[in-house]
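# Structural characterization, general
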Amino acid sequence: MAKKKRSSKNLKIATRITISSVLGIVIPVVIAVIFSYIALHSITSYLDFSTVTTKSYSMLNQIQWSQTMSSISNELISADSSEQKYNKINDYLDAVESLGAKIYIECSGKDFYSTTDKTSVLNEANSIITFDETKNTNYFGENGMVIVNHAESKADKYLIIITSSDYTVNDVSSKNTPQSYSSLVFGKTGALFLAIIILFILSIAALSFITSRTIIRPLNKLADGANEIARGNLDYKIDYESTNEIGQTVKSFNEMSTQLKQSIDDRDRIEQSRKEMIAGVAHDLRTPLTSVKGYVEGLRDGIANTPEKQERYLNTIYDSTISMERLLDELLTISRLELGNIELNKEEINIRSFVEDCENEMRPILEKEGFSLDVKNNCVENDTVFIDTDRFSRVIQNIISNSIKYARKDAQGEIVFEAQSYEKSVILSIADNGIGVESEDLSKIFETFYRADKSRTQVKNGSGLGLSVCRQIVELHGGHIWATKNEHYGITILISLKKAGFEDE
């Protein structure tokens, strides 16, 4: 199986926030470092870092002095000749001397360069601050400036001394003037820091935008889906696939809308079924009642004026009453089954003997109706099941009665009752050669009040409750009942029951 491709959409929200927090710190720092590197190495000429441009102290001035000393030292320890070194550092030295500074450079104990004589340079430097020539010194004070630096190559050692008594340091205790603020803000140093601050703000804003977009967009889709569901559009699906928290919520939401639609469809179907049930009960009760009423009026008005007529009227009234009683009994049974108010009195029954009892009970009835009965009892002597014999006998009776009601007029009725034994179960089948049922209706014939005859004009075809009672009784026994079409144009009802000892499998 191919490995599922990882996607940034599947990142959990907590992970997104953690990554955003880390990147919110790392990215601005990286940008600032890169920008500072570029500023120091690519635009030093614009910001005048490479040469000293002022003789008053500032952060930029200190950077300029550091850069100048570094450039002079690097050149002195290079592999160039003394003449080449002198020519290359001359530009730096001229710039420093133009500001009134004095320079002395010594190479391995010998003079290499000096603005004046060595003694004058050292005296001026010592007048500013006492220093040790063997140690590096960087002094910037109100009385002047002294820089002492050392550089060493494989062949030579250099001593560099730069001093200036004409150097000023601003008094930090004095208030800054508006001009000094303007210089700080709009000067080159201020521009550099302003650019870094802007980069920080932009990078954080970009990260916030990206993070919020990856969270807000699916949330907006979820909100739109909720609004569609609220408007009754239960077919609406939220288009967002991810394994993170939002993706799981969207998946659950889509499943909820599907289940809600299914629930509403089921409710509508049940409501329609109940409407049909009420109409069916009213129709099936009205017919025998009308018959009873008509024959009672005939007796009352003296139309049945002979004993023979009176007996025939009374028998019809009795049959109609029995029909109403049977219908009401089936309704009561259905109601009790649905409410779970029926308790089965199960006992271990030999299935072969049960089939024989059913045959003895049903054969006279079928012969009276002109039906033939063929019984195939393929169960062995020790096959047993746990059933309530009274309830299950009613199942067999209802199925056979249903076959009688839907017999074909152009052929003799035939019923084949077969019992087949398997390793863990027994299957009972009752096949007829009646008018049959359309294939799409086979799964519906066990529904309450369902009949293929939608017009319900043939009242003798029954109420449609018989097979529904069968289904509920069979399922109450832990069995299964279903229907198939057979080769004789009718239908076959099959019932599967677990053998004793295999009920939990």
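The coordinates are above.
Residues numbered from 1 in each chain as written. Predicted model: local features only at pLDDT ≥ 70, side-chain atom pairs only at ≥ 80, totals over all residues. Heavy atoms only, no water.

### Points about the environment of Leu93
Here Leu93 shows up in helix H4 (residues 82-97). On the basis of relative accessibility, which here comes to 0%, the residue Leu93 falls in the buried class. Distance in space between the C-alpha atoms of Leu93 and Thr68 is 9.1 Å, their sequence separation being 25 residues. Ignoring anything within four residues of it in the chain, the contact list for Leu93 reads Ile72, Ile103, Ile105 and Tyr113. (Helix = DSSP H or I, 4+ residues; strand = E, 2+ residues; numbered from the N terminus. Buried < 20%, exposed > 50% of the residue type's maximum accessible area, 1.4 Å probe, protein only. Contact = heavy atoms within 4.5 Å.)

### Things to note about empty space enclosed by the protein
Using the criterion set out here, one finds one cavity of 30 Å³ or more in the structure. Residue lining of the largest cavity: Ile399, Asn402, Ser403, Ile430, Asp432, Leu467, Ile491 and Ile493, and that is the complete set. Elements represented by at least two residues in the lining of the largest cavity include exactly helix H11 (389-405), strand E10 (425-432) and strand E12 (491-498). With three residues, H11 is the largest single contributor of residues to the lining of the largest cavity. Among the residues forming the lining of the largest cavity, the class breakdown is five nonpolar, two polar and one charged. (1 Å grid on protein atoms, 1.4 Å probe; cavity = no way out; pocket = protein on both sides within 12 Å on 5 of 7 lines; lining within 4 Å. Points joined across faces, edges and corners; volume = space filled by probe spheres on them. Nonpolar A, V, L, I, M, F, W, Y, C, P; charged D, E, K, R; others polar.)

### Section: the pattern of salt bridges
Across all of its chains, the model carries 13 salt bridges by this definition. A salt bridge links Glu381 to Arg352, with the shortest nitrogen-to-oxygen separation between them at 3.5 Å. Here Arg352 lies in helix H10 (residues 351-368) and Glu381 lies in the loop between strand E7 (372-378) and strand E8 (384-387), a separation of 29 residues in the sequence. Under the relative-accessibility criterion, Glu381 is labelled exposed at 59%. Taking relative accessible area as the criterion, Arg352 reaches 23% and is therefore assigned partly exposed. With a closest N to O distance of 3.6 Å, Glu475 and Arg471 form a salt bridge. Of this pair, Glu475 and Arg471 both sit in helix H12 (residues 466-476), separated by four residues, roughly a single helical turn. If you follow the salt bridges from partner to partner, you end up with Asp235, Lys261 and Asp265 in one network. (Salt bridge = Lys/Arg side-chain N within 4 Å of Asp/Glu carboxyl O.)

### Observations regarding the packing of H10 against H11
The geometry of H10 relative to H11 is characterised by a closest axis approach of 11 Å and an angle of 40° between their N-to-C directions. The chirality of how H10 crosses H11 is right-handed. Counting all contacts with H10, which are made through Phe354, Cys358, Glu361, Met362, Ile365 and Leu366, the residues of H11 involved are Thr389, Phe392, Ser393, Ile396, Gln397, Ile400 and Ile404. Per-class residue counts for the contact of H10 with H11 are nine nonpolar, three polar and one charged. (Axes fitted to C-alpha atoms, helices over the stretch in contact; angles between N-to-C directions. Left-handed = near helix turned anticlockwise from the far one by under 90°.)

### Brief notes about H12
Counting buried positions along H12 yields eight of 11 residues, so the element is predominantly enclosed. All of the buried residues in H12 are Gly466, Leu467, Ser468, Val469, Cys470, Gln472, Ile473 and Val474. The positive-phi residue at the C-terminal boundary of H12 is Gly478, with phi of around 80°.

### Here we look at H10
Over its 18 residues, H10 extends 26 Å from the first C-alpha to the last, a length consistent with the 26 Å expected when each residue adds 1.5 Å. Of all the bends in H10, the largest measures some 35° and sits at Met362, one to four residues before the proline Pro364. Those residues of H10 not exposed but buried are Ile351, Phe354, Val355, Cys358, Glu359, Met362 and Leu366. N-cap assignment for H10: the residue whose side-chain oxygen lies 3.0 Å from the backbone N of Arg352 is Asn350. Within two residues after H10, Gly370 carries a phi angle of roughly 85°, on the positive side. (Expected span 1.5 Å × (residues − 1). Bend = angle between axes of the 7 residues up to and from the residue. Polar contact = N/O pair within 3.5 Å; in protein donor to acceptor, adjacent residues only side chain to side chain.)

### Points about the side chain of Thr137
Secondary-structure assignment places Thr137 in strand E3 (residues 137-141). Taking the relative accessible area as the measure of exposure, Thr137 reaches 14% and is therefore buried. Once you skip the residues sitting within four places of it in the chain, Thr137 turns out to touch Phe131, Val146, Ile147 and Val148.

### What about the pairing of strand E9 (residues 414-421)?
Every second residue of E9 is oriented toward a common face, the buried set being Ile415, Phe417, Ala419 and Ser421 and the non-buried set Glu414, Val416, Glu418 and Gln420. Two elements, E7 and E9, share seven bridges in a ladder whose sense is parallel. Each bridged residue has a counterpart across the sheet, and for Asp374 the counterpart in E9 is Val416. As defined by bridge partners, E9 adjoins E10 across seven bridges and the pair is classed as antiparallel. For Ala419, the partnering residue across the bridge sits in E10 and is Leu428. (Pairing = 2+ DSSP bridges.)

### What to know about the sheet that holds E12
Ordered in space as E7-E9-E10-E12-E11, the five strands form an open sheet in which the pairing is mixed. Both edges of this open sheet fall to E7 and strand E11 (480-485), since each of them pairs with a single strand only. Shown here is a sheet whose adjacent strand axes are inclined to one another by a mean of 15°, direction ignored. As judged from the seven bridges shared by E10 and E12, these two strands associate in the antiparallel manner.

### Quick notes on a nonpolar patch on the surface
Together, Val29, Val33, Ile197, Phe200, Ile201 and Ile204 line one region of the surface with nonpolar side chains, adding up to about 520 Å² of accessible area. Going through the elements one at a time, helix H1 (13-42) and helix H7 (188-230) are the ones with two or more residues in the nonpolar patch. Considering every element that reaches the nonpolar patch, the biggest residue donor is H7, with four residues. Among the structural elements, Ile204 can be located in helix H7. With a relative accessible area of 40%, Ile204 lands in the partly exposed category. (Patch = residues over 30% accessible without salt bridge, like charges linked within 9 Å, V, L, I, M, F, W, Y side chains within 5 Å. Areas by Shrake-Rupley, 256 points an atom, 1.4 Å probe, with all protein chains shown as cover.)

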